[in-house]
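The primary structure of each chain is shown beneath.
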Amino acid sequence: KYIGDKVRRAEELREEANKLKEEAEEIVGGLINLNTLVNKVNEFTVKNIWVNSMDIGERVDGQYYTSPIMKINKYMKNDNMDLVSLKEVAKVGKGFTFSSDKSSEEVPYIRISDLEDLLIDYSSVLKIDNKTYQKKKRSQLKEYDLIMAITGATIGKISVFYNPKIDKATLSADTAFVRFNNPEDSIIYLIYLKTIIGQLAIIQGITGATNKHLAIEDIKNIILPKFEEKTKQIVRDKVINSIENIYLSKQLIQEAKQDVEDLIEGNFDMSRLNKT
């Protein structure tokens, strides 16, 4: 019963986390009229398009300008939605390549495989030594940084660096971080960038036919809708609570596994039962 209660509580926390995430997604979806935007995307079948010279930036390839996100951005603007480019509200940086056999590694080195929906999965994360971490100051993460996959088949995969028990980490060369000038912006844009529209905005900048890559400059050029401060706070609270519930759920599952192992090996401390 003691072990079972942990497992049941873990499942309750995960269900509550999913509910909170869905509520945050519904809020963001409602604010941008997501269903309407998705219908616009489904209607988009253009393979060639005229582009005003004033709208041409650093990219001149057809793939970039025939993306449906161009039409979506125009529609949102005409729908009286305030828009802003990511570079106006955030800084973007990337990670570095690292390999070491040292046993003194202690700082999480986050890779694409560690990105798990909203959060970072630290169960199999690699670690680097503190000396290397201090040298790579430009890749040091701060709380609420968004971490995005920028190479391979998972470009656009994105999570947030938030964990009450982990205050420092860095990231691999296959990932980039987005650091908003106002940390309160981070969570609501995490949810937005996970929508179909947000993913289209990300993948518009992809280059390469086989070895796909997303450049830092193209991340900076992503167009975002503006949100009211009150809405940012509501979404942030829901998502942060969701993330904390998931981490606690993972902790309880690990404790339950350890309890079973201790029980099998005869090392279970029976005095713990008196504290419940």
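Residues numbered from 1 in each chain as written. Predicted model: local features only at pLDDT ≥ 70, side-chain atom pairs only at ≥ 80, totals over all residues. Heavy atoms only, no water.

Engineer: I'm lost on the overall build of the protein chain in this one. Help?
Structural biologist: For the protein chain, the count of helices and strands is 10 helices and 13 strands. Taking all 276 residues of the protein chain together, 45% fall into the buried category. Here the protein chain displays about 15400 Å² of accessible surface, and carbon together with sulfur accounts for 49% of that area. (Helix = DSSP H or I, 4+ residues; strand = E, 2+ residues; numbered from the N terminus. Buried < 20%, exposed > 50% of the residue type's maximum accessible area, 1.4 Å probe, protein only. Areas by Shrake-Rupley, 256 points an atom, 1.4 Å probe, with all protein chains shown as cover.)

Engineer: It is not clear to me how the sheet that holds strand S6 (residues 126–128) should be interpreted in this structure. Could you clarify?
Structural biologist: Two pairing modes exist for strands in a sheet, parallel and antiparallel, and in both the strands are linked by backbone hydrogen bonds. Overall, mixed pairing links the 3 strands, which are arranged S6-S3-S9 in an open sheet. Because the sheet does not close on itself, it has two edges, and the strands there are S6 and strand S9 (170–171). With 3 bridges connecting them, strand S3 (residues 107–110) and S6 associate as antiparallel partners. Among the inter-strand pairings, Pro108 is bridged to a residue of S6, identified as Lys127. (Pairing = 2+ DSSP bridges.)

Engineer: I tried to follow the nonpolar core on my own but got confused; where do I start?
Structural biologist: Most often, soluble globular proteins keep nonpolar side chains buried together rather than apart. Counting residues in each nonpolar core, the largest one holds 64 residues, and the members touching the most others are Ile110, Val178, Tyr192, Ile219 and Leu224. In terms of nonpolar packing, the next biggest core, distinct from the first, is built from 6 residues, Phe96, Tyr109, Ile128 and Tyr133 among them. (Core = buried A, V, L, I, M, F, W, Y, C linked by side-chain atoms within 4.5 Å.)

Engineer: For this particular structure, what's the right way to read unusual backbone geometry?
Structural biologist: What you tend to see is this: most non-glycine residues have negative phi, and most peptide bonds are trans. Of note, Asn80 is a non-glycine position whose phi angle comes to about 60°, a positive value. Structurally, Asn80 is set in the loop between helix H4 (68–78) and strand S1 (83–85). Asn80 sits in the exposed class, given a relative accessible area of 72%. For Tyr144, which is not glycine, the phi torsion reads 80° and is therefore positive. With a relative accessible area of 13%, Tyr144 lands in the buried category.

Engineer: When you look at the packing of helix H2 (residues 34–43) against helix H8 (residues 196–203) in this model, what are you seeing that I'm missing?
Structural biologist: The description of two packed helices rests on the angle between their axes and on the distance between the axes. Direction vectors running N to C along H2 and H8 enclose 50°, while the axes themselves pass 9 Å from each other. Considered as vectors, H2 and H8 are oriented oblique to each other. Each of Leu34, Leu37, Val38 and Val41 in H2 lies in contact with H8, whose residues at this interface are Ile196, Ile197 and Leu200. By residue class, the composition of the contact of H2 with H8 is 7 nonpolar, no polar and no charged. (Axes fitted to C-alpha atoms, helices over the stretch in contact; angles between N-to-C directions. Parallel < 35°, antiparallel > 145°, perpendicular 65-115°, else oblique. Contact = heavy atoms within 4.5 Å. Nonpolar A, V, L, I, M, F, W, Y, C, P; charged D, E, K, R; others polar.)

Engineer: What is the right way to look at the packing of H2 against H4 in this model?
Structural biologist: Their axes nearest at 10 Å, the elements H2 and H4 cross at an angle of 140°. Taken together, H2 and H4 sit at an angle that is classed as oblique. When you trace H2 past H4, the crossing you get is right-handed. Judged by residue contacts, Thr36, Leu37, Lys40, Val41 and Glu43 of H2 engage Pro68, Lys71, Ile72, Tyr75 and Met76 from H4. Among the residues making up the contact of H2 with H4, the classes are represented as 6 nonpolar, 1 polar and 3 charged. (Left-handed = near helix turned anticlockwise from the far one by under 90°.)

Function cannot be read off these values alone, since they describe shape.
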